[in-house]
Structure formats: C-alpha cells, structure tokens
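Read off the chains here:
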Amino acid sequence: MATYQYRCAECGPFDVRRPIGEARPEEPCDGCGHRSRRVFTSPMLTRTPAALAQALRAQEAGAYEPRVVGEVPAARRGPAPSADPRHALLPKP
Ligand SMILES: [Zn+2]
C-alpha cells in the first residue's frame, strides 16, 4: 500500500491509501465530497540508521580488505607482569 496525497479546493490536502500504481488522478474529498486532484510529492524513503549503515560499510570493507593489527589492542592486554622475582618461580598455567 502507498499513501497518495490529494488537495481539495475547500478543505485542503488529504491522503488516500491504495496499492502501489493504482492512484487515481482525482479522488472525492473526505470532508465535502468534491473531486480533488492528486498532488505529486517526494516519495517517503526511509534512510538507513547511521549506526546500521556504518556496520554494513565495515562488514563490506572487511570482506575485501580485512584489517590487520600489529599488536594486541590495549583494551585486551592482560595485567602488567609482576616486578616481584618470586612470581617468576610459580608454575605457569
Ligand atoms: Zn473537501
């Protein structure tokens, strides 16, 4: 379904919902019943939300040019090694 806009000379603009491609050049006004001409407006296209668009661009770029890192990111590094020499003698996991 699509929403088509018409303008009544007496009552002003009003909307009519019909299947896509089945808009009539004139429709009777909801308020007074006069024949009203269709008004051509820009289509109501919804934009992709910014966060989703960024994720889609990153996904597409990663498919062709995966990012290569040279070191572990700071957020994923473990705690700094201990300065106490006795800790070096402990068994390793
Ligand atoms: Zn009217």
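Rules used in this analysis
Residues numbered from 1 in each chain as written. Predicted model: local features only at pLDDT ≥ 70, side-chain atom pairs only at ≥ 80, totals over all residues. Heavy atoms only, no water. Donors = N, O, S within 2.8 Å, 3.2 Å for Na, K, Ca; no water. Tetrahedral: all angles 85-135°; square planar, octahedral: opposite > 155°, others 65-115°. Helix = DSSP H or I, 4+ residues; strand = E, 2+ residues; numbered from the N terminus. Buried < 20%, exposed > 50% of the residue type's maximum accessible area, 1.4 Å probe, protein only. Core = buried A, V, L, I, M, F, W, Y, C linked by side-chain atoms within 4.5 Å. Contact = heavy atoms within 4.5 Å. Pairing = 2+ DSSP bridges. Axes fitted to C-alpha atoms, helices over the stretch in contact; angles between N-to-C directions. Salt bridge = Lys/Arg side-chain N within 4 Å of Asp/Glu carboxyl O.

Points about the coordination of the zinc ion
Only Cys 8 (SG), Cys 11 (SG), Cys 29 (SG) and Cys 32 (SG) from the protein coordinate the zinc ion, and they sit 2.2 to 2.4 Å from it. Between the 4 donor atoms coordinating the zinc ion, the angles at the centre fall across 103 to 116 degrees, so the site counts as tetrahedral. All donors of the zinc ion belong to a single chain; written as a sequence motif, their spacing is C-x2-C-x17-C-x2-C. You can see Cys 8 sitting in strand 1 (residues 2-8) and its partner Cys 29 sitting in the loop between strand 3 (26-28) and strand 4 (35-39), a full 21 residues away along the chain. According to the relative accessible area criterion, Cys 8 is buried, its value standing at 3%. The buried category is assigned to Cys 29, whose relative accessible area is 7%.

Some details on the nonpolar core
Formed by Ala 2, Tyr 4, Tyr 6, Cys 8, Phe 14, Val 16 and Cys 29, the largest nonpolar core amounts to 7 residues. Of all the secondary structure elements, the ones that give two or more residues to this core are strand 1 and strand 2 (12-18). Beyond its immediate sequence surroundings of up to four residues, Phe 14 is in contact with Tyr 4, Gln 5, Tyr 6, Arg 7, Cys 8, Glu 27, Pro 28, Cys 29, Asp 30 and Ser 36.

Structural notes on the side chain of Ser 36
Summarising the element assignment, Ser 36 is placed in strand 4. Residue classification places Ser 36 among the buried residues on the basis of a relative accessible area of 1%. Apart from the residues within four sequence positions on either side, Ser 36 is in contact with Tyr 6, Arg 7, Cys 8, Phe 14, Pro 25, Glu 26, Glu 27 and Cys 29.

Side note on the pairing of strand 2
In summary, the side chains of a regular strand alternate between the two faces of the sheet. Looking at chain direction, strand 1 and strand 2 are connected through 7 bridges and run antiparallel. Note on strand 2: the bridge partner recorded for Ala 2 is Arg 18.

Regarding the sheet that holds strand 4
With antiparallel pairing, the 4 strands of this open sheet are ordered in space as 2-1-4-3. Of all the strands in the sheet, just strand 2 and strand 3 have a single pairing partner and so form its edges. The average undirected angle you get between the axes of adjacent strands in this sheet is 45 degrees. Summarising the sheet, strand 1 and strand 4 pair through 3 bridges and their orientation is antiparallel. The partner of Gln 5 across the bridge, within strand 4, is Val 39.

Observations concerning the pattern of salt bridges
Applying the stated criterion to the full structure yields 5 salt bridges. Glu 27 is the partner of Arg 18 in a salt bridge, and the nearest nitrogen-oxygen pair spans 2.8 Å. Grouping residues by exposure puts Arg 18 and Glu 27 together as buried. Among the ionic pairs, Glu 26 bridges to Arg 35, the shortest N-O distance being 2.5 Å. A relative accessible area of 28% places Glu 26 in the partly exposed class. Here Arg 35 falls in the exposed class, since its relative accessible area comes to 69%.

Purely geometric stuff here, so don't read any function into it on its own.
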